[in-house]
Amino acid sequence: MKALTSRLVQAIVVAVLIGTATFVMMRSLPGDAAWRIAAGRYGYDNVDAAAAEAVRSELGLDGPALPALLQWLGDLLTLDFGTSLVSGQPVMQEIAHQLGASAALAGIALLLSVLIGPPLGILAGLRPGGVLDRCLLVVSTGLKAVPQFLLALILIVLLAVQLRLLPAAGHGEARHFILPSLTLALGLAAVNARIARDAMARIADMPFWRFAEWKGLSRREVLMRHGLRNVSVPLLTYLGLQFVTLVEGVVVIEAIFGWPGIGHALVHAIFSRDVPMVQGTALVLGLGFVLVNTCIDLIVRRIDPRGETEARA
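Residues numbered from 1 in each chain as written. Predicted model: local features only at pLDDT ≥ 70, side-chain atom pairs only at ≥ 80, totals over all residues. Heavy atoms only, no water.

## As for the overall build of the protein
The helix and strand tally for the protein stands at 13 helices and zero strands. Put simply, the protein runs from its N terminus to its C terminus through helices and strands in the order α-α-α-α-α-α-α-α-α-α-α-α-α. Seen along its three principal axes, the alpha-carbon backbone of the protein occupies a region of about 85 × 60 × 30 Å. Buried positions account for 40% of the 313 residues belonging to the protein. Within the protein, counting contacts between residues at least 6 apart in sequence, those at least 24 apart form 73% of the total. With the model as given, the accessible surface of the protein reaches about 17100 Å², and the carbon-plus-sulfur share is 67%. (Helix = DSSP H or I, 4+ residues; strand = E, 2+ residues; numbered from the N terminus. Buried < 20%, exposed > 50% of the residue type's maximum accessible area, 1.4 Å probe, protein only. Contact = heavy atoms within 4.5 Å. Areas by Shrake-Rupley, 256 points an atom, 1.4 Å probe, with all protein chains shown as cover.)

## Some details on the environment of Cys295
You can see Cys295 is positioned in helix 12 (residues 275–303). Taking the C-alpha atoms as reference points, Cys295 and Leu110, 185 residues apart in sequence, are found 15 Å from one another.

## Focus on the confidence of the model for the protein
Confidence along the protein averages 83 in pLDDT terms, with 96% of residues attaining 70 or more. By mean pLDDT, the top-scoring element of the protein is helix 7 (residues 148–162) (91), and the lowest-scoring one is helix 13 (residues 305–312) (48). Counted against residues more than four places away or in other chains, residues 308–313, with its pLDDT under 50, gives two contacts. (pLDDT = per-residue confidence, 0-100.)

## Some thoughts on helix 5 (residues 91–126)
Given 3.6 residues per turn, any residue in an α-helix points the same way as the ones three and four places further on. For helix 5, with 36 residues, the first-to-last C-alpha span of 50 Å sits near the 52 Å given by 1.5 Å per residue. The sharpest bend along helix 5 reaches about 25° and sits at Gln98. (Expected span 1.5 Å × (residues − 1). Bend = angle between axes of the 7 residues up to and from the residue.)

## Some details on the pattern of salt bridges
Tallied over the full model, the rule gives seven salt bridges. Arg56 serves as the salt-bridge partner of Glu53, at 3.4 Å between the closest nitrogen and oxygen. One end of the pair, Glu53, and the other, Arg56, are both in helix 3 (residues 49–59), three residues apart, so they sit about a helical turn from each other. The salt bridge involving Arg194 is made with Asp133; its shortest N-O contact spans 3.8 Å. Taken together, the residues span a long stretch of sequence, with Arg194 in helix 8 (residues 178–204) and Asp133 in helix 6 (residues 131–145) at a distance of 61 residues. (Salt bridge = Lys/Arg side-chain N within 4 Å of Asp/Glu carboxyl O.)

## As for the packing of aromatic side chains
Tallying each qualifying case throughout the model produces one aromatic pair. Relative to Trp259, the ring of Phe177 lies with its centre 4.8 Å away and its plane at 70°, an arrangement referred to as edge-to-face. Of this pair, Phe177 sits in the loop between helix 7 and helix 8 while Trp259 sits in the loop between helix 10 (219–257) and helix 11 (262–271), and the two are 82 residues apart along the sequence. Trp259 carries the same exposure label as Phe177, and that label is buried. (Phe/Tyr/Trp six-rings, centres within 6.5 Å; stacked < 30°, edge-to-face > 60°.)

## Examining unusual backbone geometry
Unlike most non-glycine residues, Arg164 shows phi in positive territory, near 55°. Looking at where Arg164 falls in the secondary structure, it is placed in the loop between helix 7 and helix 8. Backbone geometry at Arg273 places phi at a positive 55°, although glycine is not the residue there. Turning to its location among the elements, Arg273 is positioned in the loop between helix 11 and helix 12.

## Structural notes on the nonpolar core
Residues Leu76, Phe81, Ile95, Met277 and Leu283 are the most contacted members of the largest nonpolar core, which totals 26 residues. Counting only elements with at least two residues in this core, the list comes to helix 1 (2–28), helix 4 (65–76), helix 5, helix 10, helix 11 and helix 12. The element best represented in this core is helix 12, accounting for eight residues. Those residues in contact with Met277 that sit more than four places away from it in its chain are Val91, Glu94, Ile95, Gln98, Ala265 and Ala269. Counting residues in hydrophobic clusters, the runner-up holds 21 residues, among them Ala106, Ala152, Ile156 and Trp259. (Core = buried A, V, L, I, M, F, W, Y, C linked by side-chain atoms within 4.5 Å.)

Written as structure tokens, this is what we have:
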């Protein structure tokens with residue numbers, strides 16, 4: 001309960017900071033906000049000075065900023081994220097539609113990264129300095145160094161343009177998940193593999209591991225009984241930090257692949273100066289980070305016997 005209370009306070013602070021920061025940054029952007037909003041509503045080819053002036057008058061964009069921010073924070077207490085300045089639809093309704101697509105993409109990417117990275121890392125950690133260990137170091141370093149947008153373009157050129165195995169963009173079919181989720185998963189798997197490798201190498205060098213082997217247990221039995229649980233603790237802890245990388249990647253990857261998710265909506269909302277949409281989208285992403293970290297903390301407390309001992313003490 002103490003941990004949950006702390007996370008609840010953190011979520012409130014995150015909500016206030018994100019809402020204030022996004023509001024100030026959107027108000028500070030150069031250019032005419034009314035023109036951008038009108039262009040988002042009617043299209044850049046159809047907008048003129050009269051349409052921009054009508055939007056300015058309708059939304060009161062020349063009014064003071066502080067009352068608008070305080071009103072948004074007050075509405076937030078009732079879970080009212082406001083109304084989109086472009087579509088006129090409730091922000092919560094639009095986010096709920098887009099969040100499902102982003103969550104599906106992020107979930108598949110995270111699953112792929114766990115299936116690729118940790119098994120290779122554990123195998124490399126069992127034989128530090130071996131061929132697999134050295135190869136994994138080179139590959140993981142290379143994948144981590146390549147920006148995600150560049151990796152996405154490389155995969156599009158190879159698999160979609162040259163080999164024509166997969167669609168370069170789209171949504172609605174299972175094959176549309178492959179390229180964007182693989183792009184996200186490869187960067188995450190590179191880090192997961194190194195975390196699992198270092199943890200496995202450290203655990204395999206501990207006295208309890210050598211004692212278990214001395215008793216006659218095979219390396220596979222020691223790994224299944226003792227190794228995996230100990231390796232999972234640092235790995236799960238780092239998954240919470242990876243959520244930040246995943247969110248950043250989703251925003252970029254959804255824009256590249258035309259994925260109708262929350263990251264794609266955030267980019268369009270920024271271009272259209274749709275302040276309530278930007279605030280609501282950033283808030284959902286920030287609170288998602290707090291939620292994921294809370295869940296991971298509870299899981300780590302459950303699987304790590306040291307945490308249970310400290311809690312009792």
